[in-house]
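# Residue-level structural notes
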Amino acid sequence: MCSVNDAGDIEDLNNTGLLSNFKYKVLAEKCNKCKDEKPCVILRKKDAYCKSCFLTSTVHKFKALLGKHKLIKDGDKVLVYYHGGHSGTALLHFLRTNLDLNSPKKLRFIPVCLFIEKHYFLSREERIDNLRRIFNYMRTFDIPIYFTSLTDYCKNGFSENTLLTKNFEELELDNKEGEFMKDLFEKSESLANDVQTINIRKLLISCAKKLKCKFIFTPELATDIASQLLVNTALGRGSHIPLDTGFCDTRNEHVTILRPLRVFDIKELALYNHFCNLDAIMLQTDLPKSQKSIQNLIENFVIDLQTNFPATVTTVLKTGDKLSMKKNKNENRICYICQSPIEVACQQLTTDEAIKYSHQISTQPELVGGDILKDNFGTVIDTKTCFSCSRIEQFLISTSTEKV
Amino acid sequence: MSECSRKCGSTAVLKRPKTGDKLCKECFFEAFENEIHFTITRAKLFRPGSTVAVAASGGKDSTVLAYVLKELNRKYKYNLKFILLSIDEGITGYRDDSLETVKQNRDDYEMPLKIMSYKDLYGWTMDEIVTEIGRKNNCTFCGVFRRQALDRGAHLLKVDYLATGHNADDIAETVLMNILRGDLARLSRCTSIITDSADGIPRVKPLKYAYEKEIVMYAYFKKLVYFSTECIFSPNAYRGHARVLLKDLEKINPSIIMNIIHSGESIKVNETSKMPTLQNCTRCGYVSSQDICKACILLEGLNTGEPKLGIGKSSKVKKSLENRAKTCCGGTSQCNSLSST
Ligand SMILES: [Zn+2]
Ligand SMILES: [Zn+2]
Ligand SMILES: [Zn+2]
C-alpha cells in the first residue's frame, strides 16, 4: 500500500531533510554572541561560539532550567546521582563552580553524591577499582559521595536497611548477587531493563530519604529523554511519560526527582569538559548491548536520529513536554510497582480488554458465551498494577507492597 | 507444529502474535471473527439499521474488512447495509488492478460499489498533478486529497458510517509517527476507534485490534482475492522512520503493538498546549485547523498555476491567498457543492 494511507499523512517538510543534503555553512568569522572573538564551536550545525561565550551559555542554560522551576530552597540538600561519563562530570563542575561563586547568582543548596554499584557482570577486582577511582575523583570536586549496591537492595527485598556508606570497601561484591539479575535478563531483556529502571528509582528515593535530601538530580541528556519517551510508549507506559521524562518527577511525596541535564546533548557537555580541562570517568555501564531489548533498540534508533535528523529528536522532546497526567478520578489508585497512577479507562473498549478477550477465545474449548457487552473476560477490576507493570509483576522476586 | 490451544484436537497452523496462543485453522477463523464482533459490539460501532460505506482499496485490509463485516452481519443480525467506496487517484497503472479486485469484492460479497476519482472530487488526477509539480511533493497532494476523499465520498453517498481497514499495526505506527513529528492533535485522536468528521459521518475502525499478520493469514486461509501494491511515489519520511522502528520492535515482541496502542489511548495532551481548534473550511466546509483547508490551498495553487503554494510555510500561503480573488477552490466548484448542503 502507498505510504500515504487513508489517514492522509501530510507534514511540513522542514524537519525531514537529511543533514547531508544541506550545504555546509562556511564557519562564521566572529562568534554569534560576542561578535568579537573567533568562534571555535558550532552547535546545532549553525550557532558558532567562541570558547568563553560557549562556556557562559552552557552554564547559563543549566541555571536557567533550575531557575525556571524555583523548586529548591536555600540550604536544601540535593542527592546527585552520579554514574560516570561526560554528563556526570559536567554536572559536578556546574555545581562546584556555582556553589563557589561570590555573587548573588551563587547556588545555595547542598549537594551530596550517590554512586549505585550494579556492575555484577565485572570481576570483583574491576569493581573495586571503579569504586576507588570514583572515590578519588569526587575529592577534586569536594562533594561528599555515598555508595550503595542495587543488587544488595533487591536481594534484601527493597529494604530501607540496605547499606549506604561513605566507605566503598564495605560494599559486598560477591558475584553471586548478580545471579537473579541474570535470570531476569534471560527471561526478557526488555522487562529486566524496565525492572532495573524502577528499582533504581526506588533505591534513589530510599537513599535520599536517609540522607535527608528533598531532591534528586539525575543525569539524563536530551537523547536519553527522547529514548525514554519512546521506550515508555513501547512498554505501554504512555500515560507515565510526563513523570518519566519531564523535568520533575513528583510521584513521591517527600522526594522530588529533577532532570537538570535534559536540555543538553552529549556533544555540548563533552566540549564543556574539554574546555574546562576535565577528564571524565568512563565506566562500562551495562551489560553488552544487544538488539534484543526494547531499550537498546530504541537507544540506537535515537542515536541514529540525533546524527541524521537532529530536529526530530528536539520534536520528540517537545511532544513529551506537552503531555500531562490524566486527571485521575480516583487519585489513590497508585501502581504498587512503579508508583504511577493506574490508568482509568475512558473509552468503551480498552486495549487491555481486547488482549484479555483474545487470550480467552484462543484458549477455551468452547466459544466465550455470556454477555459480550458486560463480561470482563479476565480483566481484573481492582488491579493493583498499571497496564505495563501487570506484565513485570511475575518478574519481581518480592511482592512486598512496602512504600518507598 | 503443536496442538491447538483450544484443545479441539486439531494441529495448530499458526501462533497468534497478539497472545502467543497456537490455533488450528478453524479455531483461528472463529477467534479472528469473534474478536472483531467483540470490538464492534463492545465499542458500539454501529447503530442497527444503518448504512455503512466500507473504504475499499482492493488491499488485504479492506478485503478482509468487507468479508468479515458481511459474515458478522449475517451471523449476529446487525441489520446493516454496506456500500463499497473506492477512490481512484488517477495514477496510471496504480489502481487498474486494485479496482479490478474491488469489483471482484463487489460481486463476491454482493455489496454495491461506488468508485470516486480525484478528477470527480477535485478536478485533477494525480498524473496531472505530477506533471504540474514533479515527483518531489506529490505525496503531500495525494495525502491531503486522500484524507478528504473518503469523507467527501461518504457524504455524497449519504451513508451513516464510514468503516476503514486500519489495523493494529497501522495504528501503532501512526502513534509513533505522530510522536516523531510532534503532531499532538493527531496523536491524541489517532487511537480512537470512532472519529467524527465535519459532516457528522463517523469514521470507524473495526480492525483496530487485528494484527496485520493475522489479516494476511485470514485472507490466505479463506482464499480471499486481494491486491497488494506499493505506491509508486516516495514515502513520507516520518512514517518511514516509524515503520522501521515498529518492525524492529515487533521482532523483539509482537505484543509491543498493543502496548503502543494502549500508550496512545492513555496519553493526555496538556490543556495549556496550543492545539489547533478544529473548524470548518470557509471554502469547502470540510473539517480543518485553519480558515481554509489544506486541500483548498493546494487546489488554489494548482488552479492558478502556482502549484508550490501550500507546500512551504503557512504564513506565506496566507499572504498569497489574501492577495487573491476569493474563488472557491480556484473555480472547480467541487468545494461549494459540499458546503452548501
Ligand atoms: Zn506500574
Ligand atoms: Zn482448534
Ligand atoms: Zn477547503
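Residues numbered from 1 in each chain as written. Chains lettered and ligands numbered in written order. Predicted model: local features only at pLDDT ≥ 70, side-chain atom pairs only at ≥ 80, totals over all residues. Heavy atoms only, no water.

Identification of chain B as Cytoplasmic tRNA 2-thiolation protein 1 from Henosepilachna vigintioctopunctata is taken from an unreviewed UniProt entry. The Subcellular location (unreviewed entry) field of the UniProt record for chain B holds the comment "Cytoplasm". Turning to chain B, the UniProt record has this under Pathway (unreviewed entry): "tRNA modification; 5-methoxycarbonylmethyl-2-thiouridine-tRNA biosynthesis." (UniProt positions renumbered as here; feature names shortened; annotations may be inferred.)

The name that an unreviewed UniProt entry assigns to chain A is Cytoplasmic tRNA 2-thiolation protein 2, with the source organism given as Henosepilachna vigintioctopunctata. The heading Function (unreviewed entry) in the UniProt record of chain A holds the text "Plays a central role in 2-thiolation of mcm(5)S(2)U at tRNA wobble positions of tRNA(Lys), tRNA(Glu) and tRNA(Gln). May act by forming a heterodimer with NCS6/CTU1 that ligates sulfur from thiocarboxylated URM1 onto the uridine of tRNAs at wobble position." Reading the Subcellular location (unreviewed entry) entry of the UniProt record for chain A gives the comment "Cytoplasm".

## A few points about the sheet that holds strand β9 (residues 256–258) of chain A
Residues and elements named next belong to chain A. Read from one edge of the open sheet, 7 strands run β6-β5-β4-β3-β7-β9-β8, paired in mixed fashion. The sheet is open, and its two borders are formed by β6 (164–165) and β8 (248–249), each paired with just one other strand. Sheet topology note: the strand β4 (residues 110–117)/strand β5 (residues 145–149) ladder contains 5 bridges and is parallel. Bridging from a neighbouring strand, I116 pairs with T148 of β5. Running at roughly 160° to β4, helix α2 (residues 85–99) makes contact with β3 (77–81), β4 and β7 (215–217) of the sheet. (Pairing = 2+ DSSP bridges. Helix = DSSP H or I, 4+ residues; strand = E, 2+ residues; numbered from the N terminus. Contact = heavy atoms within 4.5 Å. Axes fitted to C-alpha atoms, helices over the stretch in contact; angles between N-to-C directions.)

## Topic: the confidence of the model for chain B
All names here are of chain B. Per-residue confidence for chain B gives a mean pLDDT of 84, with 85% of residues at or over 70. Predicted confidence is poor over residues 325–341, with pLDDT under 50, and the contacts of this stretch with residues over four places away or in other chains come to 32 contacts. The ipTM assigned to the predicted complex is 0.88, against a pTM of 0.88. (pLDDT = per-residue confidence, 0-100.)

## Regarding the domain arrangement of chain B
All names here are of chain B. Segmenting chain B into domains produces domain 1 (36–266) and domain 2 (276–311). Measuring from the centre of the C-alpha atoms in domain 1 to the corresponding centre in domain 2 gives 23 Å. Of the residues lining the interface, 17 residues belong to domain 1; the matching set on domain 2 comes to 17 residues. Between domain 1 and domain 2, the buried area comes to about 1500 Å², and carbon and sulfur atoms account for 74% of it. Where domain 1 meets domain 2, there are 0 salt bridges. The interface formed by domain 1 and domain 2 holds 1 residue pair in polar contact (both at pLDDT 80 or more) in total. (Domains from an automatic or database assignment. Buried area = accessible area lost by both parts, 1.4 Å probe. Salt bridge = Lys/Arg side-chain N within 4 Å of Asp/Glu carboxyl O. Polar contact = N/O pair within 3.5 Å; in protein donor to acceptor, adjacent residues only side chain to side chain.)

## Examining helix α1 (residues 51–69) of chain A
Residue and element names in this part refer to chain A. Between its terminal C-alpha atoms α1 stretches 28 Å, which fits the 27 Å expected from 19 residues at 1.5 Å a residue. Looking at the buried residues of α1, the elements they touch are β1 (41–43), β2 (47–49), α2, β7 and α9 (266–275). Phi turns positive one or two residues past the end of α1, at K70, with a value near 45°. (Expected span 1.5 Å × (residues − 1).)

## With respect to the coordination of the zinc ion (ligand 1)
All names here are of chain A. In this structure, C335 (SG), C338 (SG), C386 (SG) and C389 (SG) serve as the protein donors to the zinc ion (ligand 1), at separations of 2.3 to 2.4 Å. In this structure, the zinc ion (ligand 1) is surrounded by 4 donor atoms whose angles at the metal cover 99 to 120°, and the resulting shape is tetrahedral. C338 sits in the buried class, given a relative accessible area of 4%. For C389, a relative accessible area of 0% corresponds to the buried category. (Donors = N, O, S within 2.8 Å, 3.2 Å for Na, K, Ca; no water. Tetrahedral: all angles 85-135°; square planar, octahedral: opposite > 155°, others 65-115°. Buried < 20%, exposed > 50% of the residue type's maximum accessible area, 1.4 Å probe, protein only.)

## A word on the coordination of the zinc ion (ligand 3)
Ideal geometry at a metal gives 109.5 degrees between four tetrahedral donors and either 90 or 180 degrees between six octahedral ones. Only C281 of chain B (SG), C284 of chain B (SG), C293 of chain B (SG) and C296 of chain B (SG) from the protein reach the zinc ion (ligand 3) as donors, at distances of 2.1 to 2.4 Å. What the 4 donor atoms of the zinc ion (ligand 3) show is an angle range of 101 to 120° at the metal, which sorts the shape as tetrahedral.

## As for the sheet that holds strand β7 (residues 194–195) of chain B
Residue and element names in this part refer to chain B. Reading across the sheet, the 6 strands line up as β5-β4-β3-β6-β8-β7 and stay open at both edges, with mixed pairing between neighbours. The sheet is open, and its two edges are formed by β5 (113–117) and β7, each paired on a single side. Relative to strand β8 (residues 203–204), strand β6 (residues 161–163) is paired through 2 bridges, and the arrangement is parallel. Paired with A163 across the two strands is V204, which belongs to β8. The strands that helix α3 (residues 96–109) touches are β4 (81–88) and β5; relative to β4, the one it contacts most, it runs at about 170°.

## Observations concerning the domain arrangement of chain A
Residues and elements named next belong to chain A. Assigned domains within chain A: domain 1 (71–288 + 304–321) and domain 2 (329–403). If you look at the interface, domain 1 gives 22 residues, while domain 2 gives 19 residues. Buried surface at the junction of domain 1 and domain 2, both sides included, amounts to about 1600 Å², of which 60% is carbon and sulfur. Its largest share of buried area at the contact with domain 2, domain 1 owes to F158, L191 and H240, together 24% of the area lost on that side.

## Quick look at the pattern of salt bridges
Evaluated as defined, the whole model comprises 34 salt bridges over all chains. In this structure, K60 of chain B and D61 of chain B form a salt bridge, with 3.3 Å as the shortest nitrogen-oxygen distance. For the salt bridge of E250 of chain B with K247 of chain B, the shortest nitrogen-to-oxygen distance reads 3.8 Å. In this pair, E250 of chain B and K247 of chain B both sit in helix α10 (residues 237–252), 3 residues apart, roughly one turn of the helix. The exposure class of E250 of chain B is buried, given its relative accessible area of 7%. By relative accessible area, K247 of chain B is classed as partly exposed at 35%. Salt bridges sharing partners connect three or more residues here, namely R201, D244, D249 and R251 of chain A.

## Some words on unusual backbone geometry
Residue and element names in this part refer to chain A. Positive phi is not limited to glycine here, since K70 has a value of about 45°. Note that K70 resides in the loop between α1 and β3. We classify K70 as exposed; its relative accessible area is 69%.

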